[in-house]
Amino acid sequence: MSKIRGRDTLPEIVVRRRLFAEGWRFRVCDRRFVGRPDVVIPKARTIVDVRGCFWHRHGCKESTMPKSNVAFWMEKWSKNVRRDIRNEADWAKGGWNRIIVWECALAPSRREKTLERLCAKLASWAVERAAAIPRRIPHRLELPRK
Ligand SMILES: [Zn+2]
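Nothing here was measured: the structure is a model prediction, and the numbers come from that model.

Q: What exactly am I supposed to notice about the overall build of the chain here?
A: Helix and strand counts for the chain stand at four helices and five strands. Scaling as 2.2 N^0.38, a compact globule of 146 residues should have a C-alpha radius of gyration of about 15 Å, and the chain matches this with 15 Å. Along the first, second and third principal axes, the C-alpha set of the chain runs to 55 × 35 × 25 Å. Scored against the burial criterion, the 146 residues of the chain give a buried share of 26%. Across the chain, the fraction of contacts at a sequence separation of at least 24, relative to all contacts at a separation of at least 6, is 65%.

Written as structure tokens, this is what we have:
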């Protein structure tokens, strides 16, 4: 199934540009994973999932409710959310850490802090991976937290 958004949305580009600048190497929309996650970083065994607040129902003020076709939207959102849950479960089963970056966390006033936290987590998870520290449940981080 294709994603709702196309590739290369602005939030994804913002994240990828920063990761690259910090020296992270990654795969984009990797078909080897269900849901073709936006960014896969093998060195930190981490998938970064950049999510649009409206499409994936973050619950923040960007998750507005359209005035018409409400039934259509409800159906669409429920499919998106169910798919997100299935994808995440699959990634976790494979032992992959997961970071969700919500679009609103990349608004100009919050962007720098979000990107710093993202890079700091990746660095610590890469260290853990290099040291082969076993984890039963992969790390999960959500920026911002719901
Ligand atoms: Zn949001």
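Q: Whenever I open this one, the nonpolar core confuses me. Can you help?
A: Side chains of nonpolar character tend, in soluble globular proteins, to be buried together. By size, the foremost hydrophobic cluster in this structure holds 24 residues, and its most contacted members are I41, V48 and V101. If we skip the residues at most four places from it in the chain, V48 touches V15, D38, V39, I41, I99 and V101.

Q: Teacher, can you tell me more about the pairing of strand β3 (residues 46-51) here?
A: Regular strands place their side chains on alternate faces of the sheet. Burial of β3 is extensive: six of the six residues sit out of reach of the surface. Here β3 shows a buried face lined by T46, V48 and V50 and a second buried face lined by I47, D49 and R51. In this structure, strand β2 (residues 39-41) lies alongside β3, joined through three bridges in antiparallel fashion. The partner of I41 across the bridge, within β3, is T46. Between the end of β2 and the start of β3, which pair antiparallel, lie four residues, with R45 showing a positive phi angle near 40°. Bridging between β3 and strand β4 (residues 97-102) involves six bridges; their strand directions are parallel. The partner of R51 across the bridge, within β4, is W102.

Q: Which parts of the structure should I look at to understand helix α4 (residues 108-130)?
A: One full turn of an α-helix is made of 3.6 residues, so residues set three or four places apart face in the same direction. Taking 1.5 Å per residue, 23 residues should reach 33 Å; α4 reaches 34 Å between its end C-alpha atoms and fits that length. Those residues of α4 not exposed but buried are T114, L115, L118, L122 and W125. Buried residues in α4 make contact with α1 (10-21), β2, β3, β4 and β5 (140-143). Downstream of α4 by one or two residues, A132 has phi in the positive range, about 55°.

Q: What am I meant to see in the sheet that holds β2 here?
A: Adjacent strands of a sheet pair through backbone hydrogen bonds, lying either parallel or antiparallel. Strands sit in the order β1-β2-β3-β4-β5 across an open sheet of five strands; the sheet is mixed. The open sheet has two free edges, formed respectively by β1 (27-28) and β5, since each of these has just one partner strand. Note that β1 and β2 share two bridges and pair antiparallel. Within β2, the position partnered with R27 by the bridge is V40. Docked against the sheet, α4 engages β2, β3, β4 and β5, running at close to 175° with respect to β4.

Q: Is there a simple way to think about the pairing of β5 in this case?
A: Direction of pairing for β4 relative to β5: parallel, over a ladder of four bridges. Residue pairing in the sheet places I100 in a bridge with E142 of β5. Where the polypeptide runs from β4 across α4 and back to β5, its parallel neighbour, the crossover connection is left-handed.

Calculation criteria
Residues numbered from 1 in each chain as written. Predicted model: local features only at pLDDT ≥ 70, side-chain atom pairs only at ≥ 80, totals over all residues. Helix = DSSP H or I, 4+ residues; strand = E, 2+ residues; numbered from the N terminus. Rg over C-alpha atoms; globule rule 2.2 N^0.38 Å. Buried ≥ 20, exposed ≤ 12 C-beta atoms within 10 Å, placed from the backbone. Contact = placed C-beta atoms within 7 Å. Core = buried A, V, L, I, M, F, W, Y, C linked by C-beta atoms within 7 Å. Pairing = 2+ DSSP bridges. Expected span 1.5 Å × (residues − 1). Axes fitted to C-alpha atoms, helices over the stretch in contact; angles between N-to-C directions. Right-handed = clockwise from strand over helix to strand, strands pointing away.

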